[in-house]
There are 2 protein chains.
Amino acid sequence: MKRNSRLSLALHTLSHMAGEPDRVRTSSDIADHAGTNPVVVRRVLGRLREAGLLTSEKGHAGGWRLARKPQEISLADVYLALDERLVASDEISEAPACSVEHALQKRVSGVLEEIEQSLVQKLSETSISEVRDA
Amino acid sequence: MKRNSRLSLALHTLSHMAGEPDRVRTSSDIADHAGTNPVVVRRVLGRLREAGLLTSEKGHAGGWRLARKPQEISLADVYLALDERLVASDEISEAPACSVEHALQKRVSGVLEEIEQSLVQKLSETSISEVRDA
DNA sequence: ATACATGTAACTTTTGTAGTTGCATTGGTC
DNA sequence: GACCAATGCAACTACAAAAGTTACATGTAT
Ligand code: FES
Ligand code: FES
């Protein structure tokens, strides 16, 4: 796992969970399977919990579980939960004093924003349960 | 300049050049203007030269010049010359032994590749001369 | 009480990129 | 020919973002 590893990890994990929705998984199980560290798993899945895609329970027999039916979790849900913005950048234009810079920024940002939207749109058309039979 | 700084630098510079196509600019001039280093400028513009967008001349009175009319250089030309792939990744899937991993990879990569294409398409609709009057 | 899980903060390691330095090469100018 | 000013390029350093790691507090079933 290298680039977009957060997204990879999240999708990978959710895909597995979509297969056996009732099974509870610990961060360690997931980390072992994904070849990473439990803390990293908790960091990533924590985002998904905040977004309402997963639930977690502490203590003995605790762990992670899907918060909804797998059919109701789209790839876009995951993408957005992680605050990924593969295309557009969130940066505020610092000092667009010059008009050329300003025009350029405006035009390019516009295109990127459109593309970002259509990416989310495309991702929303697939659920994590569908992905297994691609 | 932070993220996508290569692309920013390239577009910024070309936009200026589109304004005064006949003027020769040195790496130092450009670097001063963009708040960076001449060597960085040469690295980035070198890519554009390889792609046939710019020419450079050594020696006294040398420097950079547009290789084509500004109307004939699109944002996509620049994007592709820099080998930017904002959306899709070029990585070879390492060991897609597992079927779930495989399916996931296939589906997601597919979407990303589509989006990458439509980004290039959108960028190809604007030339560096148009961008000034946006 | 104990064992096992998450939650989180702080630190270290890794990695990609910009920035820098130094020098060879080329081509005008005197 | 001597000199100056430009690119070309390689090697190194500096920096920042992300992953990975360690340590510990908190919660919960048995
Ligand atoms: S400073 Fe305005 S475009 Fe260069
Ligand atoms: S998807 Fe997890 S190992 Fe195959």
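Going by the structure above, here's the rest.
Computed from a predicted structure; not experimentally measured. (Residues numbered from 1 in each chain as written. Chains lettered and ligands numbered in written order. Predicted model: local features only at pLDDT ≥ 70, side-chain atom pairs only at ≥ 80, totals over all residues. Heavy atoms only, no water.)

Trainee: Would you mind going over the nonpolar core with me for this structure?
Mentor: Soluble, globular proteins show a tendency: their nonpolar side chains are buried together. Judged by nonpolar contacts, the single largest core of 76 residues is most densely connected at A:Leu48, A:Val78, B:Leu48 and B:Val78. With residues up to four places along the chain from it excluded, the contact list for B:Leu48 reads B:Ala10, B:Leu14, B:Leu53, B:Leu54, B:Val78, B:Ala81 and B:Leu82. (Core = buried A, V, L, I, M, F, W, Y, C linked by side-chain atoms within 4.5 Å. Buried < 20%, exposed > 50% of the residue type's maximum accessible area, 1.4 Å probe, protein only. Contact = heavy atoms within 4.5 Å.)

Trainee: Before we go on, may I ask you to explain the packing of helix α5 (residues 99-123) of chain A against helix α5 (residues 99-123) of chain B in this structure?
Mentor: Axes are the key here: two packed helices are described by the angle between their axes and the distance separating the axes. At their nearest, the axes of α5(A) and α5(B) sit 10 Å apart, and the two run at 155° to each other. By the angle between their axes, α5(A) is roughly antiparallel relative to α5(B). The handedness of the crossing between α5(A) and α5(B) is right-handed. Along its contact with α5(A), which presents A:Val111, A:Leu112, A:Glu114, A:Ile115, A:Ser118, A:Leu119, A:Lys122 and A:Leu123, the element α5(B) presents B:Val111, B:Leu112, B:Glu114, B:Ile115, B:Ser118, B:Leu119, B:Lys122 and B:Leu123. A per-class count over the contact of α5(A) with α5(B) returns ten nonpolar, two polar and four charged. (Axes fitted to C-alpha atoms, helices over the stretch in contact; angles between N-to-C directions. Helix = DSSP H or I, 4+ residues; strand = E, 2+ residues; numbered from the N terminus. Parallel < 35°, antiparallel > 145°, perpendicular 65-115°, else oblique. Left-handed = near helix turned anticlockwise from the far one by under 90°. Nonpolar A, V, L, I, M, F, W, Y, C, P; charged D, E, K, R; others polar.)

Trainee: I would appreciate a short explanation of the protein's contact with DNA strand C in the present structure.
Mentor: Around DNA strand C, a shell composed of 24 residues is seen, among which A:Ser27, A:Arg49, B:Ser5, B:Thr36 and B:Arg43 lie nearest. Here a phosphate oxygen of DNA strand C sits 2.6 Å away from a polar atom, N or O, in the main chain of A:Ser27. Within the side chain of B:Arg6, one N or O atom sits 3.3 Å away from a phosphate oxygen of DNA strand C. If you list the elements that add at least two residues to the surface near DNA strand C, you get α3 (38-50), β1 (54-57) and β2 (63-66) of chain A together with α1 (5-19) and α3 (38-50) of chain B. (Near = heavy atom within 4 Å. Polar contact = N/O pair within 3.5 Å; in protein donor to acceptor, adjacent residues only side chain to side chain.)

Trainee: Explain the interface of chain B and chain A here, please?
Mentor: Reports often express the size of an interface as the amount of accessible area lost when the parts come together. The interface of chain B with chain A comprises 32 residues on the first partner and 32 residues on the second. For the pair chain B and chain A, the summed buried area comes to about 3200 Å², and 65% of that belongs to carbon and sulfur atoms. Our count for the contact surface shared by chain B and chain A stands at two salt bridges. A salt bridge links A:Lys122 to B:Glu114, with the shortest nitrogen-to-oxygen separation between them at 3.3 Å. Applying the counting rule to chain B against chain A returns six residue pairs in polar contact (both at pLDDT 80 or more). Elements that contribute at least two residues to the side of chain B that touches chain A include exactly α1 and α5 of chain B. For the side of chain B that touches chain A, the element with the highest residue contribution is α5(B), accounting for 14 residues. (Buried area = accessible area lost by both parts, 1.4 Å probe. Salt bridge = Lys/Arg side-chain N within 4 Å of Asp/Glu carboxyl O.)

Trainee: What should I look at first to understand the relation of the copies chain B and chain A in this one?
Mentor: The operation linking the two copies of the chain is a rotation about an axis combined with a translation along the axis. Mapping chain B onto chain A calls for a rotation angle of 180° and an axial translation of 0.0 Å; the resulting RMSD is 0.1 Å. Given the turn and translation reported, the copies of this chain are related as if by a two-fold rotation axis. The share of interface residues of chain B whose copies in chain A are also at the interface is 100%, consistent with both copies meeting through the same surface. (Least-squares fit on C-alpha atoms with pLDDT ≥ 70 in both.)

Trainee: What is the right way to read the protein's contact with DNA strand D from this model?
Mentor: The environment of DNA strand D is made up of 24 residues, and the closest members are A:Ser5, A:Arg43, A:Gly59, B:Ser27 and B:Arg49. Each atom of DNA strand D within 4 Å of the protein was assigned to sugar, phosphate or base; sugar and phosphate come to 62%. The contact in question runs from a phosphate oxygen of DNA strand D to an N or O atom on the side chain of B:Trp64, over 3.2 Å. If you list the elements that add at least two residues to the surface near DNA strand D, you get α1 (5-19) and α3 of chain A together with α3, β1 (54-57) and β2 (63-66) of chain B.

Trainee: Before we go on, may I ask you to explain α1(B) in this structure?
Mentor: Because each turn of an α-helix spans 3.6 residues, side chains separated by three or four positions end up pointing in the same direction. Under the 1.5 Å per step criterion, the end-to-end length of α1(B) is 21 Å for 15 residues, consistent within 8% with the ideal 21 Å. Along α1(B), the positions that sit buried rather than exposed are B:Leu7, B:Leu9, B:Ala10, B:Leu11, B:His12, B:Thr13, B:Leu14, B:Ser15, B:His16, B:Met17 and B:Ala18. Residues of α1(B) that are buried make contact with α5 of chain A together with α2 (27-34), α3, β1, β2 and α4 (75-81) of chain B. (Expected span 1.5 Å × (residues − 1).)

Trainee: I'm lost on the packing of α1(A) against α5(B) in this one. Help?
Mentor: Two elements in contact, α1(A) and α5(B), have axes whose closest approach is 10 Å; the angle formed by their N-to-C orientations is 125°. Regarding the angle of α1(A) to α5(B), the classification is oblique. At the point where α1(A) passes α5(B), the crossing takes the right-handed sense. Across the interface between the two elements, A:Leu11, A:His12 and A:Ser15 from α1(A) touch B:Val100, B:Glu101, B:Leu104 and B:Val108 from α5(B). In terms of residue class, the contact of α1(A) with α5(B) is made up of four nonpolar, two polar and one charged.

Trainee: How should the environment of A:Val78 be read in this particular structure?
Mentor: All names here are of chain A. Along the chain, Val-78 turns up in helix α4 (residues 75-81). As a C-alpha pair, Val-78 and Leu-48 span 30 residues in sequence and 6.9 Å in three-dimensional space. If sequence neighbours within four positions are ignored, Val-78 has contacts with Leu-7, Ala-10, Leu-11, Leu-14, Leu-48, Leu-53 and Ile-73.

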